[in-house]
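Next come the chains, spelled out residue by residue.
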Amino acid sequence: MKLMVLNGPNLNRLGKREPHIYGHKTLEQIMNSLESIARESGCEIDARQSNHEGELIDWIHEAAEGYSGLILNAGAYTHYSYAIRDALAGVDIPAIEVHLSNIYARESFRHTSVISEVTIGQISGFGNIGYELALKGLLHYLKGEEN
Ligand code: DQA
């Protein structure tokens, strides 16, 4: 089973970027550890990062062909990108939304996610292990054990 993990704008700077909010680990470290956890669960992850909305949209379309599910931290696009929302709505694979920080405990513009409605769930505020929680939730969902 192949899963796509997408990280949006500014997440390439994890480790350096506002570490009091986003932690000290780099995206590479977080994705490497996610990859080994995925392998133990018998699945493969394809982790990508882009600072560009269109590239993320192209990858969501690509995920629909040959991937079983999607984990997405859309960064600030979460709060206003109807184009990313429409891309998720238009593909037939389940997606989970991840945020390292608790977006509801921060500035008011972060309290809205325009993509939540088209995902199976959201994980927010657990730092880097949010990706592992999303992986666990996605596998659970894909195995039909969601209830
Ligand atoms: C984020 C939260 C967003 O509000 C912010 O723009 C990010 C990161 C998070 O992981 O906590 O870039 O998605």
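The rules we used
- Residues numbered from 1 in each chain as written.
- Predicted model: local features only at pLDDT ≥ 70, side-chain atom pairs only at ≥ 80, totals over all residues.
- Heavy atoms only, no water.
- Helix = DSSP H or I, 4+ residues; strand = E, 2+ residues; numbered from the N terminus.
- Rg over C-alpha atoms; globule rule 2.2 N^0.38 Å.
- Areas by Shrake-Rupley, 256 points an atom, 1.4 Å probe, with all protein chains shown as cover.
- Lys, Arg positive; Asp, Glu negative; His and termini not counted.
- Charge placed at Lys NZ, Arg CZ, Asp CG, Glu CD.
- Buried < 20%, exposed > 50% of the residue type's maximum accessible area, 1.4 Å probe, protein only.
- Polar contact = N/O pair within 3.5 Å; in protein donor to acceptor, adjacent residues only side chain to side chain.
- Contact = heavy atoms within 4.5 Å.
- Salt bridge = Lys/Arg side-chain N within 4 Å of Asp/Glu carboxyl O.
- Near = heavy atom within 4 Å.
- Pairing = 2+ DSSP bridges.
- Axes fitted to C-alpha atoms, helices over the stretch in contact; angles between N-to-C directions.

### Description of the overall build of the protein chain
No. 1: Along the protein chain, the regular secondary structure elements total 5 helices and 5 strands.
No. 2: Taken over the C-alpha trace, the protein chain has a radius of gyration of 14 Å; the compact-globule value for 147 residues is 15 Å, and the two agree within 12%.
No. 3: Viewed in the frame of its principal axes, the protein chain has a C-alpha envelope of about 35 × 30 × 30 Å.
No. 4: Element-wise, carbon and sulfur atoms account for 47% of the exposed surface of the protein chain, whose accessible area totals about 7400 Å².
No. 5: Each charge class in the protein chain was averaged separately, 12 positive and 19 negative side chains, and the resulting centres sit 8 Å apart.

### Examining unusual backbone geometry
No. 1: Despite not being glycine, asparagine 10 shows a phi value in the positive range, around 75°.
No. 2: Structurally, asparagine 10 can be placed in the loop between strand 1 (2–7) and helix 1 (19–22).
No. 3: For glutamate 18, which is not glycine, the phi dihedral falls at a positive 35°.
No. 4: On the secondary structure map, glutamate 18 appears in the loop between strand 1 and helix 1.

### Section: the side chain of serine 81
No. 1: If you trace the backbone, serine 81 turns up in the loop between strand 3 (69–73) and helix 4 (82–89).
No. 2: Residue classification places serine 81 among the buried positions, given a relative accessible area of 1%.
No. 3: Here the side chain of serine 81 touches isoleucine 84 through a polar contact of 2.9 Å, landing on its backbone nitrogen.
No. 4: Discounting residues that sit within four places of it in the chain, serine 81 has contacts with Glu53 and Val114.

### Things to note about the side chain of glutamate 97
No. 1: Considering the arrangement of structural elements, one finds glutamate 97 in strand 4 (residues 95–99).
No. 2: For the buried glutamate 97, no salt bridge is present, and the opposite-charge side chain at shortest range is arginine 85, 9.5 Å distant.
No. 3: A polar side-chain atom of glutamate 97 sits 2.7 Å from a polar atom in the side chain of histidine 99.
No. 4: Aside from chain neighbours lying at most four places away, what touches glutamate 97 is Leu72, Thr78, Ser113, Ile115, Ser116, Thr119, Gly121, Gln122 and Ile123.

### A short note on the site of the ligand
No. 1: In the region of the ligand, the neighbouring residues are Arg17, Tyr22, Asn73, Gly75, Ala76, His79, His99, Leu100, Ser101, Ile103 and Arg110.
No. 2: Taking asparagine 73, its side chain carries an N or O atom lying 2.8 Å from an oxygen atom of the ligand.
No. 3: Contact between the ligand and serine 101: an oxygen atom at 2.6 Å from a side-chain N or O atom of the residue.
No. 4: Relative to its unbound accessible surface of 320 Å², the ligand loses 98% to contact with the protein.

### A look at the sheet that holds strand 4
Sheets are built from strands paired through backbone hydrogen bonds, the pairs being either parallel or antiparallel.
No. 1: Ordered by their spatial adjacency, 5 strands build an open sheet running 2-1-3-4-5, and the pairing between neighbours is parallel. Of all strands in the sheet, those bounded by a partner on one side alone are strand 2 (44–49) and strand 5 (121–124). The sheet shows a mean angle of 20° between the axes of neighbouring strands, direction not considered.
No. 2: Of the strands in this sheet, strand 1, strand 2 and strand 3 are in contact with helix 3 (residues 53–63), which crosses strand 1 at around 170°.

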